[in-house]
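Each chain, letter by letter, is given below.
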Amino acid sequence: MKIQSIDALLILCPNAEFVLTDGKIVEWHSPEIPQPTEEEINQMERHISAGMDEGAYGISTGLKYLPGSFSEVEEVIALSKKASERGGVYTSHLRDEGLGIIESVAEAIKISKDADIPVVLTHHKVIGKPMWGKSAQTLSMVDSAREIGLKISIDQYPYDASYTGISVLIPSWARAGGQKEFVRRTKDPKLRDSIKKDTRYHGTVLTTCCGFACGSPAGSPPYLTCLLYTSPSPRDVEESRMP
């Protein structure tokens, strides 16, 4: 079904809130990623402030995805401060939910502290068999942050499959500068081998299934929000091969 207007969407989902996405803001002002200039950051800050004044609920980042994966934490903090000044929240797809999950949760907590903003860890989980059980540590980190007064929350989907675009398997460095630069790198034999090696490694980690952050809802921490979806669990697997 195609949504014709925001009003129609609100009828279907009356509890919806709209947030500003870092990806689009970064693309507008810093097309030659990875690093924006000081003036580009100032422009992004002005867009965050304007968006908040127009009714946005906060800011959302996808630090696992381009172009967000190139954003330094200080850049994210600067943008989050603008949302915080107007009572907004920060919600994030963490920079890494696999081998780097501990560092990524620590980064989100730092953003909450330094920007003085409530933070939501979106779809919290630990990915890959090597990290199974590490959710006990990530939840402990969130508990500790809350005990010192930081407003850290978690949401989590209830199905047992992770779902995202297959491009997430490709290393970020290979995609810097856009699709044309990525294609150019694949034509360089040495870079191509490195891309294939990193992609194969990421695929091995991600396809060993997910270890979730909590058990049954009855035993969940008070800050955990389980979002219930009416759509079936995603089961289709997309396969792509690099010759």
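These numbers come from a predicted model, not from an experiment.

**Q** I keep staring at the overall build of the protein and nothing clicks. Help me out?
**A** Assigned secondary structure in the protein consists of nine helices and eight strands. Split into buried and exposed, the 243 residues of the protein put 42% on the buried side. Restricting to contacts in the protein with at least 6 residues of sequence separation, those with at least 24 account for 76%. With an accessible surface of roughly 14,200 Å², the protein has 54% of that area assigned to carbon and sulfur atoms.

**Q** Can you help me understand the pattern of salt bridges in this one?
**A** Applying the stated criterion across every chain, the model contains eight salt bridges. Glu-107 is the salt-bridge partner of Arg-95, the closest N and O atoms lying 3.0 Å from each other. Here Arg-95 is found in the loop between strand 3 (89-93) and helix 5 (101-115), whereas its partner Glu-107 is found in helix 5, with twelve residues between them in sequence. You can call Glu-107 buried: its relative accessible area is 15%. One continuous salt-bridge network, built from bridges that share partners, spans Asp-53, Lys-82, Glu-85 and Arg-86.

**Q** Would you mind showing me how to read the pairing of strand 6 (residues 152-156) here?
**A** Consecutive side chains along a regular strand alternate between the two faces of the sheet. Burial runs high along strand 6: four of the five residues are buried. Across three bridges, the pairing between strand 4 (residues 119-121) and strand 6 is parallel. Across the sheet, residue Val-120 finds its bridge partner in strand 6, namely Ser-153.

**Q** What should I look at first to understand the pairing of strand 2 (residues 58-62) in this one?
**A** Burial of strand 2 is extensive: five of the five residues sit out of reach of the surface. Here five bridges tie strand 2 to strand 3, and the two strands are oriented parallel to one another. Its bridge partner being in strand 3, Ile-59 is matched across the sheet by Tyr-90. This β-α-β element, strand 2 to helix 4 (residues 73-84) to strand 3, shows right-handed connectivity.

**Q** I tried to follow the side chain of Glu-45 on my own but got confused; where do I start?
**A** In this structure, Glu-45 sits in helix 3 (residues 38-53). Apart from residues lying up to four places away in sequence, Glu-45 is in contact with Ala-78, Leu-79 and Lys-82.

**Q** Mind showing me how you'd approach the nonpolar core here?
**A** Soluble globular proteins: nonpolar side chains tend toward being buried together. Tyr-90, Val-105, Leu-121 and Ile-152 are the most contacted members of the largest nonpolar core, which has 34 residues in total. Looking at this core, the elements with two or more residues in it are helix 3, helix 4, helix 5, strand 4, helix 6 (135-147) and strand 6. Counting residues per element, this core draws most heavily on helix 5, which supplies seven residues. The contacts of Leu-121, once residues within four sequence positions are left out, are Ser-92, Leu-94, Val-105, Ala-108, Val-142, Ile-152, Ser-153, Ile-154 and Asp-155.

**Q** Hey, could you run me through helix 6 in this one?
**A** Structurally, the α-helix is built with 3.6 residues per turn, so residues lying three or four positions apart point the same way. For helix 6, spanning 13 residues, the distance from its first C-alpha to its last is 18 Å, which sits close to the expected 18 Å at 1.5 Å a residue. Three or more residues of helix 6 are buried, namely Ser-135, Thr-138, Leu-139, Met-141, Val-142 and Ala-145. Mapping the buried residues of helix 6 onto a view down its axis gives an arc of 150 degrees, with all of them on the same face. Away from its buried face, by an angle of more than 90 degrees, helix 6 presents the exposed residues Ala-136 and Glu-147. Once helix 6 ends, the next one or two residues include Gly-149, with phi positive near 100 degrees.

**Q** Where do I start with the confidence of the model for the protein in this structure?
**A** Predicted coordinates in areas of low pLDDT are best not read in detail. Model confidence for the protein is summarised by a mean pLDDT of 76, while 70% of its residues fall at 70 or above. Across the protein, the element-wise mean pLDDT spans from 33 in strand 8 (residues 224-226) up to 96 in helix 5.

**Q** What's the story with unusual backbone geometry in this structure? I'm lost.
**A** Residue Asp-116 is not a glycine yet carries a positive backbone phi of 55 degrees. By the secondary structure assignment, Asp-116 is in the loop between helix 5 and strand 4. Judged by relative accessible area, Asp-116 falls into the exposed class, the value being 61%. The residue His-123 is not glycine, and still its phi comes out positive at about 55 degrees.

Parameters and conventions
Residues numbered from 1 in each chain as written. Predicted model: local features only at pLDDT ≥ 70, side-chain atom pairs only at ≥ 80, totals over all residues. Heavy atoms only, no water. Helix = DSSP H or I, 4+ residues; strand = E, 2+ residues; numbered from the N terminus. Buried < 20%, exposed > 50% of the residue type's maximum accessible area, 1.4 Å probe, protein only. Contact = heavy atoms within 4.5 Å. Areas by Shrake-Rupley, 256 points an atom, 1.4 Å probe, with all protein chains shown as cover. Salt bridge = Lys/Arg side-chain N within 4 Å of Asp/Glu carboxyl O. Pairing = 2+ DSSP bridges. Right-handed = clockwise from strand over helix to strand, strands pointing away. Core = buried A, V, L, I, M, F, W, Y, C linked by side-chain atoms within 4.5 Å. Expected span 1.5 Å × (residues − 1). Arc of directions from axis to C-beta. pLDDT = per-residue confidence, 0-100.

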